[in-house]
Amino acid sequence: MIQNKTVSGADALMLSLLEEGVDTLFGYPGGQIINVFDSLYKFSDRLHHILTRHEQGAVHAAQGYSRATGRVGVCVVTSGPGATNLITGIADAMIDSTPLVCITGQVPTTLLGSDAFQEADIISMTMPVTKWSYQVTEASEIPTAIAKAFFIARTGRPGPVLVDIPKNAQIGQTDFHYTPCQYIRSYTVRPAIDPALIEEAAQAINAAERPLILLGQGVKLSGAEQKLIELAEKAGIPVASTLMGLSAMPSDHPLYVGMVGMHGNIGPNVLTQETDLLIAVGMRFSDRITGDLKVYASQAKVIHIDIDKSEIGKNVKTDIGIHADVSDALDALMPLVHYVDRSAWIARFGEKYSFEYKQVIDPLIHPSQTEMTMGEVVTAVTDYTDAGAVVVTDVGQQQMMAARYSHFRKTRSFITSGGLGTMGYGLPAAIGAKIGVPERQVVLFVGDGGFQMTLQELGTIMQENAGVKMVILNNGYLGMVRQWQQLFFERRYSNTELMNPDFVTLASAYGIAGRSIASRGELSEAIAEMFADDAPYLLEVRVNREGNVFPMIPAGAPVSGVIFNE
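Given the structure is predicted, the values throughout are model-derived calculations rather than measurements. (Residues numbered from 1 in each chain as written. Predicted model: local features only at pLDDT ≥ 70, side-chain atom pairs only at ≥ 80, totals over all residues. Heavy atoms only, no water.)

Describe the overall build of the protein, naming the residues involved and giving the relevant values.
Per the secondary structure count, the protein includes 23 helices and 20 strands. Against the 2.2 N^0.38 benchmark of 24 Å for 566 residues, the protein shows a C-alpha radius of gyration of 24 Å, consistent with a compact globule. For the protein, the C-alpha atoms occupy an extent of roughly 70 × 60 × 40 Å along the three principal directions. Scored against the burial criterion, the 566 residues of the protein give a buried share of 59%. Sequence separation of 24 or more characterises 77% of the internal contacts of the protein that already satisfy a separation of 6 or more. For the protein, the accessible area works out to roughly 21500 Å², and carbon and sulfur atoms hold 52% of it. (Helix = DSSP H or I, 4+ residues; strand = E, 2+ residues; numbered from the N terminus. Rg over C-alpha atoms; globule rule 2.2 N^0.38 Å. Buried < 20%, exposed > 50% of the residue type's maximum accessible area, 1.4 Å probe, protein only. Contact = heavy atoms within 4.5 Å. Areas by Shrake-Rupley, 256 points an atom, 1.4 Å probe, with all protein chains shown as cover.)

Take a look at the structure:
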């Protein structure tokens, strides 16, 4: 620890990051951040910088790193286009509650507002999609700004912050002193729990005949996975997961009943309309979960636990709103709930799953289906890893198939772009995840369309020798858009068919081994080859071209309005 030593602003930034426990950064250098990268050169023994091939790759990699580790992701880029290239990832992190500290270079303060070369007002641009955006003006501000940035990013409902550092502040001298931020006036980190609401919620839980817990990502962000499982077991309540909550509860737990949402499992979706008590824990009732709000769970009493007060009652009318950290709320509830035999209610979910298997899952792998399906590939890959891999997805059909057919034993094992639905997210996020948890197997499921949005990050994999296992589920289409065109636009496939490159040859140009297969008989051997060592690998699987993701709840339909085919 270095305190009260005169250093440059750039050095003060490096020292501040070290004080916050940072050891990994993702970024891309440039003219207005060059002094920071010069300082980084001096600190390279303690700070590992991952040079991505695009700034969007840097911010998505930082997201993947954060989601896999639970730590704050950090990215550093230059001004102007470097900074603006972060905005998609920042917006993605905001809606998915991913803690990031994004550091951007800026022209000197004397040139601000002059339309100087590579000047952009990144503060104004990012204010709607950050928890906090701040521009320092001199070197002495940097330690305080960084301390505040990390505090805001990781506390409360986590999210991204941005610190913009003009060049003069990087060059200027300051007496370095670092004090971690622990308090900001008017910013409540951990709300006080209302005991009366906890008592009311416990009474409702104990009295319910058909309760259902909806588990969201807030459970993972709070580190409350085991507490939620213990509450469910103690009270005998089935648990369903949102897309973002996947892996917080083991897939094979007897109380786990599947995923809710547009492409979720039939049981938890349909039976949401029969539950008498819906207990939403760390989730925000997005439109992809609720469908038609006018009829969504209208028969049920709703308990909503969330650290973000603005989410409680925002979309779904809430009867008991508990504004609290999930972990604190579960601690308070645990002593007050008791076991109720709800075996008949829980069995209903099993009956629905059996029906779903016959309608949807079994046909995916039926021998009469000559072309491979995304579902069977995902199942084969995750079975090979014994449900122990970190599964990262891009956005689209492969995302939903990975969510439906992956199996999880450990938390923080499913990483995807949820609220923003960012194509191109998957590859760089998988790199960040692998950098963050190198001891774990990281598998990327990506479509041929999404892969080509950020495929330049193969260069990052090559340079870092990051052992990501990439599975391209290639159907020659922008599959999810094509599915909607098929179902709702009379098969008018407008601009969704893709002419693709030779992905294996492309990977080989980056020194990455790969293989392309098109027949079911090759699948097992190809998967074994992919996992034969720790090196990166690209497996292209040519799947049925017009396969769809079912079941499906059409946008705006009630959650009971499930369709099984076109």
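Go over the packing of aromatic side chains with me, naming the residues and quoting the values.
Within this structure, the stated rule accounts for 12 aromatic pairs. Geometrically, the ring pair formed by F355 and F564 is edge-to-face, given 5.6 Å between the ring centres and 80° between the ring planes. Here F355, found in helix α15 (residues 343-364), pairs with F564, found in the segment after β20 (537-542); they are 209 residues apart in sequence, far enough to count as distant. Taking the centre distance of 5.8 Å and the plane angle of 70° together, the rings of F408 and F414 count as edge-to-face. What makes F408 buried here is its relative accessible area of 3%. (Phe/Tyr/Trp six-rings, centres within 6.5 Å; stacked < 30°, edge-to-face > 60°.)

Can you lay out the packing of helix α9 (residues 195-207) against helix α14 (residues 326-333) for me, pointing to particular residues and giving the numbers?
Two quantities define a packed helix pair, namely the angle between the helix axes and the distance between the axes. Remark: α9 packs on α14, axes separated minimally by 10 Å, with the N-to-C direction vectors making an angle of 65°. Crossing angle aside, the handedness with which α9 passes α14 is right-handed. Within the contact between the two elements, α9 uses I198, A201, A202 and I205 and α14 uses A329, A332 and L333. A per-class count over the contact of α9 with α14 returns 7 nonpolar, no polar and no charged. (Axes fitted to C-alpha atoms, helices over the stretch in contact; angles between N-to-C directions. Left-handed = near helix turned anticlockwise from the far one by under 90°. Nonpolar A, V, L, I, M, F, W, Y, C, P; charged D, E, K, R; others polar.)

Before we move on, can you summarise the environment of L51 with the specific residues and values?
Its location among the elements puts L51 in strand β3 (residues 48-51). By relative accessible area, which is 28% here, L51 ends up partly exposed. Here the alpha-carbon distance between L51 and Y28, two residues 23 residues apart in the chain, equals 5.8 Å. If near-sequence neighbours (up to four positions away) are discounted, L51 is found in contact with G27, Y28, P29, T460 and Q463.

I'd like to hear about the sheet that holds strand β13 (residues 301-306), residue by residue, with values.
Spatially, the 6 strands line up as an open sheet ordered β11-β10-β9-β12-β13-β14, and their pairing is parallel. Each end of this open sheet is capped by a strand with a single partner; those strands are β11 (256-259) and β14 (320-323). For this sheet, the mean angle separating the axes of adjacent strands, direction not counted, is 15°. Across the sheet, α9 lies against β12 (277-281), β13 and β14, angled at about 130° from β14, the strand it touches most. (Pairing = 2+ DSSP bridges.)

Just give me the short version of helix α23 (residues 523-530), but keep the residues and values in it.
Considered for burial, the residues of α23 that qualify are L523, A526, I527 and M530. Each buried residue of α23 sits inside an arc of 100° when the element is viewed along its axis, so together they form one side. Away from its buried face, by an angle of more than 90 degrees, α23 presents the exposed residues S524 and E525. Against α16 (374-384), β18 (469-474), β19 (513-517) and β20 lie the buried residues of α23. (Arc of directions from axis to C-beta.)

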